[in-house]
Amino acid sequence: MSRGAQRSGPDRRRTAGPSELDEPTFSEEQGVRYLHFGSPWIQGAMRIRSPFALELEYTRQMMAWLLFLDPPEAGGEQAIGTLGLGAGSLTRFCLKHTDSLVHAVEWNPSVTAACRAYFRLPADNERFRVTHDDAGAWVEDIANRGSCRALMVDLYDHAARGPVRDSVEFYRGCRRVVSANASQAGIVTVNLFGAHDSYEHNHGNLDEAFEGRVAVLPEIEEGNRVAIALAGPALRIDAQALLARADEVENRYGLPARKWARSLVPELERL
């Protein structure tokens, strides 16, 4: 979700299914199609002539895990995971630019239907599937432990009051999804808002869940701040190697990785 957010408290438990307020709505402007939930807040976007590109800056930042880990190998058991489908931007990008399994977890089947009708989301196939489930329940399911190498978390509803899942327990569940044991490296990226009360709450809970191994990219104009949380073995990378890796990511994926890497160099020692 690209903007909005007021106060975020404990996880808002979902028991009765998606609200009618979370029904998808759409707008288009200057060749870009936007997803909303009945409000001006943008939940996702796709440039109609470039459906596999990441239109919104924060979605590009959600791919910053590539600075530290390669995508899972084709035919392997690990996937690239997303919690919250939005307009399917991250899913489309990963399907286009990697050979990995891609697994999206989405609470609202109407969002999935909208993505397939209006945002070029493919049907489930041998590489890709959508699971309709509460993200909080999904990360607690023992069957999903270690199932993803990277997990991108973007969980907002129509109210845009900060992530709807934001507890220490939830983030620990995300950690187990990418790292079932101490030898398994994995990364979680989370879309937060820098200028809202929800930011400190989420940052603190991420720090606790990931034992301080959390770095945050600089806030973008729309207010988003993407947190990068690492699990598993300590990094064996210095500033020079990180910048070299950023060159590779930028050349291969067309993402502004050099800018990300420069901002992360001061954080390397504790990651």
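The structure reproduced in this document is the subject of the present report.

Rules and cut-offs
- Residues numbered from 1 in each chain as written.
- Predicted model: local features only at pLDDT ≥ 70, side-chain atom pairs only at ≥ 80, totals over all residues.
- Heavy atoms only, no water.
- Axes fitted to C-alpha atoms, helices over the stretch in contact; angles between N-to-C directions.
- Helix = DSSP H or I, 4+ residues; strand = E, 2+ residues; numbered from the N terminus.
- Parallel < 35°, antiparallel > 145°, perpendicular 65-115°, else oblique.
- Left-handed = near helix turned anticlockwise from the far one by under 90°.
- Contact = heavy atoms within 4.5 Å.
- Nonpolar A, V, L, I, M, F, W, Y, C, P; charged D, E, K, R; others polar.
- Salt bridge = Lys/Arg side-chain N within 4 Å of Asp/Glu carboxyl O.
- Buried < 20%, exposed > 50% of the residue type's maximum accessible area, 1.4 Å probe, protein only.

For the pair helix 5 (residues 168-178) and helix 6 (residues 197-209), the least separation of the axes is 8 Å and the interaxial angle reads 50°. Classified by the angle between their axes, helix 5 and helix 6 sit oblique to one another. Crossing handedness for the pair helix 5 and helix 6: right-handed. Contact with helix 5, carried on its side by Val-168, Tyr-171, Arg-172 and Arg-175, involves Asn-202, Asn-205, Leu-206, Glu-208 and Ala-209 of helix 6 and no other residues of that element. Looking at the contact of helix 5 with helix 6 residue by residue, the classes come out as four nonpolar, two polar and three charged.

Take the pattern of salt bridges next. This model, assessed by the stated rule, comprises 12 salt bridges. The salt bridge partner of Asp-134 is Arg-165, with a shortest N-O separation of 2.7 Å. Residue Asp-134 is found in the loop between strand 6 (128-132) and helix 4 (135-140), and its partner Arg-165 is found in the loop between strand 7 (148-153) and helix 5; the two are separated by 31 residues along the sequence. The burial state of Asp-134 is the same as that of Arg-165; both residues are buried. Salt-bridge contacts for Asp-247 lead to Arg-258; the nearest nitrogen and oxygen are separated by 2.5 Å. Residue Asp-247 is located in helix 7 (residues 239-253), and its partner Arg-258 is located in helix 8 (residues 257-264); the two are separated by 11 residues in the primary sequence. Taking relative accessible area as the criterion, Arg-258 reaches 29% and is therefore assigned partly exposed. Connected through shared salt-bridge partners, Asp-247, Glu-250 and Arg-258 make up one network.

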